[in-house]
Amino acid sequence: MKMTSHVFHPTSLREYDIRGIIGETLGEKDAYAIGRGFGTLLARDGGKKAAIGYDGRLSSPMLEEALVAGLNDSGITAVRIGMGPTPMLYYAECVLDDVDGGIEITGSHNPANYNGFKMVFKGRPFFGADIQKLGTMASSGDWDSGSAGSESLDIMDQYVARILEGAPQKAFRIGWDAGNGAAGPIIEKLTQKLPGEHFMLFTEVDGNFPNHHPDPTEEANLVDLKKCVADNNLDFGVAFDGDGDRIGAIDGQGRVIWGDQLLQIYAQEVLKALPGSTIIADVKASQALYDRVDELGGKPLMWKTGHSLIKSKMKETGSPLAGEMSGHVFFKHEYYGFDDAPYAAIRLMSASASIGQSVTELRSDMKEMINTPEMRFQVDESRKFAVIDEVLERLSADGADVNNTDGARVNTVDGWWLLRASNTQDVLVARAEASSEEGLERLMAQIDEQLQLSGLERGETVGH
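Residues numbered from 1 in each chain as written. Predicted model: local features only at pLDDT ≥ 70, side-chain atom pairs only at ≥ 80, totals over all residues. Heavy atoms only, no water.

Draft legend 1. Just the overall build of the protein, in detail. On a plain count of helices and strands, the protein comes out with 14 helices and 22 strands. Radius of gyration (C-alpha) of the protein: 22 Å, near the 23 Å computed for a compact globule of 464 residues. With respect to the three principal axes, the spread of C-alpha positions in the protein is 65 × 55 × 40 Å. Burial status across the protein gives 60% buried among its 464 residues. Mean positive and mean negative side-chain charge positions of the protein (44 and 70 charges, respectively) differ by 4 Å. (Helix = DSSP H or I, 4+ residues; strand = E, 2+ residues; numbered from the N terminus. Rg over C-alpha atoms; globule rule 2.2 N^0.38 Å. Buried < 20%, exposed > 50% of the residue type's maximum accessible area, 1.4 Å probe, protein only. Lys, Arg positive; Asp, Glu negative; His and termini not counted. Charge placed at Lys NZ, Arg CZ, Asp CG, Glu CD.)

In structure tokens, the structure reads:
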């Protein structure tokens, strides 16, 4: 397929990864160009090998072939670890001594006709300007030439053994929903080695996702898991997204434990081991989480949404634990600091055992807040950041209590509301949380007012 240059579809190079629709905005030539560009950057930095993995999507093997060809043509050897979740690729990149970077081919939780690439470069997230650089290098043909081959490595059992190091001896009864995503085989291997009883749903990898969409942050996708937990009277249930880097959970009563609520549970265990540590969460997280971290003697830190941004902030602050509303959870405590949902499931067992309370009790003990789900509104790409600037300017003139870490998060006597621009789509994201229904209505009215002043309406919300 040797090419001398390439132009990517303008929508495919995104903030945290590369993503597109197969046959429309993403294909074989793009995969080859990513391999050439990434390989060139690695070679220029003295690298020689990159680990390559892929998820269970139907288009993944085709993209993997082309990606490897691109890496090889830039002189980089591909260490092919085969099909598995994104955290297995991150693990390979961390533990293989001679590997200098890694790429997972994955469409994450997008519909079946999407695919994409998540990258790590010499142990750090590869995002933002790095990804844009791949575009400028491709269009000008700024690629090194070389020749290298590939080697295959089956790392799955080693990865599973490493995850199990975090498991308690206590026997639990748990429901596991892999959503036909790439974590399925890992979950099957893990549960065979755990004490207790384990009920598996949809662990067969199927890129058509025949049972439900693999996004555990949408409550509609947890219906099967709720039924499994209720029918079998289980302790709790866990669910995974398509590439296994985001976790969803429900307690024994079928209540969803959202990303920021999981973090409250994890923080209790981590802060027992490392008192006074900084715990990071994104701007969409509940005030109840920040208050709880404070109460447990930790230092809560609010940061920008986005797994790459959170990972970078963790390194900077030495934080042992971070998380996002979207179910990305990052353990540096006793692990490597990347988002790994099968490991997060094991740590939920571990937290329950070491705290001495069931997951249902831990969920019941949380302060109940009234909040909206994440609301997303379509907005013209050229307007989305401008609108946030206008909102911040007006709020500043009004003397409002605003945190502008990532968009506008406004504190009022009722609670808080958030309006931010998505880095990956042409949408604005809003969320609000209050201690009463009336308070929530007042907060929503403030969001509506700000949108109207910038010539927008809340209107219909759009999906992920």
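Draft legend 2. The arrangement of the sheet that holds strand β10 (residues 236-240) in detail. With mixed pairing, five strands are arranged side by side in an open sheet as β9-β8-β10-β11-β12. With partners counted over all chains shown, the strands left at the sheet margins are β9 (196-201) and β12 (256-257), one partner each. As paired elements, strand β11 (residues 247-251) and β12 share two bridges and run antiparallel to each other. Bridge assignment links I250 to a residue of β12, and that residue is V256. Lying on the sheet, helix α7 (residues 223-232) is in contact with β8 (172-177), β9, β10, β11 and β12; it crosses β8 at an angle near 155°. Helix α11 (residues 341-355) contacts β8, β10 and β11 of the sheet and is inclined by roughly 160° relative to β10. (Pairing = 2+ DSSP bridges. Contact = heavy atoms within 4.5 Å. Axes fitted to C-alpha atoms, helices over the stretch in contact; angles between N-to-C directions.)

Draft legend 3. Region of interest: the pairing of β10. Burial analysis of β10 places five of its five residues in the buried class, the great majority of the element. In the sheet, β8 pairs with β10 via four bridges, with the strands oriented parallel. Across the sheet, the residue bridging to D177 is A239, located in β10. Relative to β11, β10 runs antiparallel, the two being bridged by five bridges. Among the inter-strand pairings, A239 is bridged to a residue of β11, identified as G248. Between β10 and the antiparallel strand that follows it, β11, lie six residues; G244 among them carries a positive phi value of about 70°.

Draft legend 4. The packing of aromatic side chains, seen in detail. Applying the stated rule across the entire model yields 15 aromatic pairs. With a centroid separation of 5.5 Å and an interplanar angle of 55°, the aromatic rings of Y90 and F338 are classed as tilted. Here Y90 is found in helix α3 (residues 86-95), whereas its partner F338 is found in the loop between β16 (329-331) and α11, with 248 residues between them in sequence. Take Y90: its relative accessible area is 5%, and that puts it in the buried class. With relative accessibility at 6%, the residue F338 sits in the buried group. Every member of this aromatic cluster is reached through a ring pair, and the members are Y90, Y91, Y159, Y266, F331, Y335, Y336, F338 and Y343. Cation over ring: K170 sits above F172, and NZ or CZ is 4.6 Å from the ring centre. Positioned above the aromatic ring of W303, the side-chain terminus of K313 is 4.0 Å from the ring centre. (Phe/Tyr/Trp six-rings, centres within 6.5 Å; stacked < 30°, edge-to-face > 60°. Lys NZ or Arg CZ within 6 Å of the ring centre and 35° of its normal.)

Draft legend 5. Focus on the packing of helix α1 (residues 28-44) against helix α4 (residues 129-140). Where α1 meets α4, the axes come as close as 9 Å, and the angle between the chain directions of the two elements is 105°. Taken together, the axes of α1 and α4 lie roughly perpendicular to each other. Counting all contacts with α1, which are made through I34, G37, F38, T40, L41 and R44, the residues of α4 involved are K133, L134 and M137. For the contact of α1 with α4, a count of residues per class yields five nonpolar, two polar and two charged. (Parallel < 35°, antiparallel > 145°, perpendicular 65-115°, else oblique. Nonpolar A, V, L, I, M, F, W, Y, C, P; charged D, E, K, R; others polar.)

Draft legend 6. Inspection of the pattern of salt bridges at higher detail. Tallying each qualifying case throughout the model produces 33 salt bridges. Across the pair R44 and D144 runs a salt bridge whose closest N-O atoms are separated by 3.0 Å. Here R44 is found in helix α1, whereas its partner D144 is found in the loop between α4 and β7 (150-152), with 100 residues between them in sequence. Under the relative-accessibility criterion, D144 is labelled partly exposed at 26%. Close ionic contact of R173 with E197 constitutes a salt bridge, the shortest N to O distance being 2.8 Å. Note that R173 is positioned in strand β8 and E197 in strand β9, a separation of 24 residues in sequence. On the basis of relative accessibility, which here comes to 24%, the residue R173 falls in the partly exposed class. One salt-bridge network, held together by shared partners, links R14, D17 and R19. (Salt bridge = Lys/Arg side-chain N within 4 Å of Asp/Glu carboxyl O.)

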